Amino acid sequence: GAICEWIVGAMQSQCYTSKAQCEQSNWASGGCYTYNGAICEWVEGAMPSQCYTSRAQCEQSHGVSSGCYTYNGAICEWISGAMQSQCYTSYKACEQGHPRRLNFV
């Protein structure tokens, strides 16, 4: 694969304003974050139109999280790829949002 590099005396028509711009235009990057339908992950050789510069940018764009605490109907647990609407920032916040009723006889 191609690489983008700084060249002194290069033809102006072959120049880009940044390495990132060059890599996006030429599929030359080592990889980027893309959305696979469930989570955002690092992919080597992805199409530039599918690339995000950070996991956070990808997750925000698709409304997903790389992981968070969610309630599964019985307990709170850490889940990768959960929908943002089901996420809690901490285990404690999840537990407080879903108090369990324990009946002792």
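Throughout this description, residue numbers start from 1 for each chain and increase along the sequence as written. Totals for whole chains, interfaces and linings use all residues, but because this is a predicted model, local features are given only for residues with pLDDT of at least 70 and pairs of side-chain atoms are given and counted only at 80 or more. Only heavy atoms go into the side-chain values, all of them from the structure, while hydrogens and water stay out.

Q: So, the state of the cysteines: which residues are in play, and what are the values?
A: Note on terminology: disulfide denotes any pair of cysteine sulfur atoms within 2.5 Å. Counted under the stated rule, the structure contains four disulfides. Paired by a disulfide, Cys40 and Cys58 hold their sulfur atoms 2.1 Å apart. Between Cys40 and Cys58 the disulfide shows an S-S torsion of about -80°. By sign, it is left-handed. Of the two residues, Cys40 is situated in strand β2 (residues 40-43) and Cys58 in helix α2 (residues 55-62); the sequence distance between them amounts to 18 residues. Cys58 matches Cys40 in its accessibility class, with the two residues each being buried. Put simply, Cys76 and Cys94 are joined by a disulfide, and their sulfur atoms are 2.1 Å apart. Residues Cys76 and Cys94 are joined through a disulfide that is left-handed, its torsion about the S-S bond being -90°. Separated by 18 residues along the polypeptide, Cys76 in strand β4 (residues 76-79) and Cys94 in helix α3 (residues 91-97) bring together distant segments of the chain. Of the two residues examined, Cys76 and Cys94, each falls in the buried class. Helix and strand labels come from DSSP, where a helix needs a run of H or I of at least four residues and a strand needs a run of E of at least two; each type is numbered from the N terminus. Relative accessible area decides the class of each residue, using a 1.4 Å probe on protein chains only: under 20% of the type maximum gives buried, over 50% gives exposed, and in between gives partly exposed.

Q: Could you give an account of the pairing of strand β3 (residues 68-71), naming the residues involved and the relevant values?
A: Only one face of β3 is covered, namely the one carrying Cys68 and Thr70; the face carrying Tyr69 and Tyr71 has none of its residues buried. Two strands qualify as a pair provided DSSP detects at least 2 bridges between them. Alignment of β3 against β4, held across four bridges, turns out to be antiparallel. Across the sheet, Thr70 pairs through a bridge with Glu77, a residue of β4.

Q: With reference to specific residues and values, describe the packing of aromatic side chains.
A: Each aromatic pair joins two rings of Phe, Tyr and Trp (for Trp, the six-membered one) with centres within 6.5 Å, and gets the label stacked for planes under 30 degrees apart, edge-to-face for over 60, and tilted for any other angle. On inspection of all chains with the given rule, the structure shows three aromatic pairs. Consider the rings of Tyr33 and Trp42, whose centres lie 5.1 Å apart with planes at 80°: the pair is edge-to-face. Here Trp42 falls in the partly exposed class, since its relative accessible area comes to 45%. Geometrically, the ring pair formed by Tyr69 and Tyr91 is edge-to-face, given 5.7 Å between the ring centres and 75° between the ring planes. You can see Tyr69 sitting in strand β3 and its partner Tyr91 sitting in helix α3, a full 22 residues away along the chain. Judged by relative accessible area, Tyr69 falls into the partly exposed class, the value being 24%. For Tyr91, a relative accessible area of 38% puts it in the partly exposed group. By way of ring pairs, the aromatic residues Tyr69, Trp78 and Tyr91 are connected into one cluster.

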